[in-house]
Amino acid sequence: MRYKMRNTVSDQASLPLKVAATAALLFLHIPVWIILLYAFTTDEATYSFPPPGFTTRWFSVALERQDFWTALGLSLRVAGVATMAALLLGSLAAAAVYRSKFFGRETISVLLVLPLALPGIVTGIALRSAISIGEIPFSFWTIVLGHATFCMVVVYNNVLARLRRFGRSLIEASMDLGANGFQTFRYVMLPHLATALLAGGMLAFALSFDEVIVTTFTAGQQMTLPIWIFSQLTRPRDRPVTNVVAVFVILLTFIPILIAHRLTRDAGGTHL
Amino acid sequence: MTTMEVSAALRGKRSFGSRLSTYIYLRPNLLLSLLLGPPLLWMVVIYLGSLAALLINSFYSLDDYTGLVVRQFTLKTYAQLFTPANIDIVTRTVGMAIAVTLAAALLAFPLAYFIARYASPRLKGWLYLAVLLPLWSSYLVRVYAWKLILAKEGILSWTIAQMGLSQALQFLLDLPAIGGPSLSLSPIGIFIVFLYVWLPYMILPIQAALERVPKSLIEASGDLGARPGQTFRRIILPLAFPGVVAGSIFTFSLTMGDFIVPASLGNSSFFIGQAVLSHQGTSGNLPLAAAFTMVPIVIMIVYLLIARKLGAFDAL
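Residues numbered from 1 in each chain as written. Chains lettered and ligands numbered in written order. Predicted model: local features only at pLDDT ≥ 70, side-chain atom pairs only at ≥ 80, totals over all residues. Heavy atoms only, no water.

**Regarding the environment of Glu211 of chain B**
Residues and elements named next belong to chain B. If you trace the backbone, Glu211 turns up in helix 10 (residues 187-211). Judged by its relative accessible area of 34%, Glu211 falls in the partly exposed class. Residues Glu211 and Leu62, spaced 149 residues apart in sequence, show a C-alpha to C-alpha distance of 53 Å. When residues no more than four places from it in sequence are discounted, the contact partners of Glu211 are Ile115, Ala116 and Lys124. (Helix = DSSP H or I, 4+ residues; strand = E, 2+ residues; numbered from the N terminus. Buried < 20%, exposed > 50% of the residue type's maximum accessible area, 1.4 Å probe, protein only. Contact = heavy atoms within 4.5 Å.)

Okay, structure coming up:
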């Protein structure tokens, strides 16, 4: 019996494994808590620890900053439009891949993943090259074009995963009962896809709202919120305001991610 | 009555929507092109078109006197890549990508192993979310967090001082290749931050690969007399390896193409991303930036070919 026990991999994790796993988990999460702490520090010139004192006044200072509001507005508008485009194009691609087998079907998946799989700088400089060769002026739309391109795959993955769990028999039943294609889509498929679309949209929004590498190449002189933060990273001028903005951005990206996770938890999880 | 006659008899009473729907339904290729057309057109025109523009640009050159791009085919720009300074940038970046990838695999494996093998379903859900949340949440803010942590007057130096290890830190920072004036201005700092931001990308594929190891195989190994260590080395590890390779694609590729982390924390020695950024920006030398981008693309293609040989694509 002793012999047997020793040879079976036990159901209890060993202590070193638990310690290593916990360490990795803490490494992933503690840094974000530290930002929360710094948002309340009274120190405005350095990052000194422990903070000399605590205050909430930076929140009101940040709220009065016009450059913050302008950058936030641009980021929200870009993310909104890019998400809409990604929802439409990503769902269409997913429906096409789900519905029929055609020549080059696998290539479509690879093509859609490529903007996320290749280093962001490749997508960025590629768009920048096209803008240069086409002599297109930088605008709101040059940013949206880039964002929609890499957001599409998130929607595509989520919708395709949901479609694959969806029996074709339901569609056939709907057609047999006399519904036309549009009615089947409206009353059978859309309710089933709704949460996948919402989750894909949320993730696409979070992805776009946070993107900086591609945006650097397509924005010209325009300032999205991530570009504003990046400028503070390389040349810190307004440390207390940046701390507050960082907390704000964390909250604003956590919410859609948590919602997306909840929406897809019972249906195979979110898809990158 | 044949089907044709039925549909002919019904046609008069049916709405435009129904008729349109039937019309499309009877022509699968039309439906397919309606569905596939817009996304495919977008990807081909905007994405592949841009990649083509990138390639074309890399064969242009910059006129040194006027500072304007000369739109004529030349290999001159590629030749400029092979200066000692640029080769330095490439080796520095690739070295960092390798170091980050290895460290990420070591750090990710225990957590992935714990999630896959030992966590209860409820705990597994929470841990999965705990890995997913940093992966999706603001990458810039997470880099910013380390700017606070690694600062000379920041929390890490403070903790090290409290532990009485300041001299050890100073020794580390005095090392020639990896040191610097402070943690936030040294390759060590860049390494830590890269490891931190890309770690979730390594955990998830390893966990997925481990989940697929059949429990019966592990039990069989034990029944046949293998000690737990042997089972781990000879059964679990080989089966999880494609997952590690899959994760390494992300950590390697993301490190190679990043300029945010070295620009925020590094000293004046450039990484590939920074070189591309500065060539296209301040010096207006878009052709050289484009040619420089070919370096990570070529390295990634080679890397992906090796990864495919190692079975990484089945683990994605």
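**Quick notes on the interface of chain A and chain B**
Contact residues are listed per partner, giving 93 residues for chain A and 91 residues for chain B. Roughly 8500 Å² is buried in total at the junction of chain A and chain B, and carbon and sulfur atoms are behind 78% of that figure. Counting the surface chain A buries against chain B, the share from its top three residues, Phe27, Leu28 and Leu233 of chain A, is 9%. Where chain A touches chain B, the interface holds one salt bridge. On the surface where chain A and chain B come into contact, there are nine residue pairs in polar contact (both at pLDDT 80 or more). Of all the elements, helix 2 (residues 15-38) of chain A adds the most residues to the side of chain A that touches chain B, at 14 residues. Residues of the side of chain A that touches chain B, tallied by class, amount to 62 nonpolar, 22 polar and nine charged. (Buried area = accessible area lost by both parts, 1.4 Å probe. Salt bridge = Lys/Arg side-chain N within 4 Å of Asp/Glu carboxyl O. Polar contact = N/O pair within 3.5 Å; in protein donor to acceptor, adjacent residues only side chain to side chain. Nonpolar A, V, L, I, M, F, W, Y, C, P; charged D, E, K, R; others polar.)

**Considerations on the environment of Leu37 of chain A**
Residue and element names in this part refer to chain A. Secondary-structure assignment places Leu37 in helix 2. Between the C-alpha atom of Leu37 and that of Val247, which follows or precedes it by 210 residues, the distance is 9.6 Å. Beyond its immediate chain neighbours, meaning those up to four positions away, Leu37 contacts Phe49, Pro51 and Phe54.

**Re the domain arrangement of chain B**
All names here are of chain B. As far as domains go, chain B holds domain 1 (3-58) and domain 2 (80-315). Relative to domain 2, the C-alpha centre of domain 1 lies at a distance of 43 Å. Taken together, the four residues of domain 1 in the interface contact seven residues of domain 2. Contact between domain 1 and domain 2 buries roughly 440 Å² in total, counting both sides, with carbon and sulfur atoms accounting for 80%. On the domain 1 side of the contact with domain 2, Leu54, Asn57 and Ser58 bury the most area, a combined 88% of that side's loss. Where domain 1 touches domain 2, the interface holds zero salt bridges. (Domains from an automatic or database assignment.)

**Details of the packing of aromatic side chains**
Residues and elements named next belong to chain B. Counted by the stated rule, this structure contains 21 aromatic pairs over all chains. With a centroid separation of 5.1 Å and 25 degrees between ring planes, the pair formed by Phe59 and Phe73 is classed as stacked. With Phe59 in the loop between helix 3 (28-58) and strand 1 (61-62) and Phe73 in the loop between strand 2 (69-70) and helix 4 (76-80), this residue pair connects regions lying 14 residues apart in the sequence. Taking the relative accessible area as the measure of exposure, Phe73 reaches 63% and is therefore exposed. Taken together, a centroid distance of 5.7 Å and an interplanar angle of 35 degrees make the contact between Tyr201 and Phe250 tilted. (Phe/Tyr/Trp six-rings, centres within 6.5 Å; stacked < 30°, edge-to-face > 60°.)

**Concerning the confidence of the model for chain B**
Close reading of the predicted structure is inappropriate where its pLDDT is low. Confidence in the prediction for chain B averages 84 pLDDT; 94% of positions are at 70 or higher. When pLDDT is averaged over each element of chain B, helix 5 (residues 84-117) of chain B comes out on top at 92 and helix 1 (residues 3-11) of chain B at the bottom at 57. (pLDDT = per-residue confidence, 0-100.)

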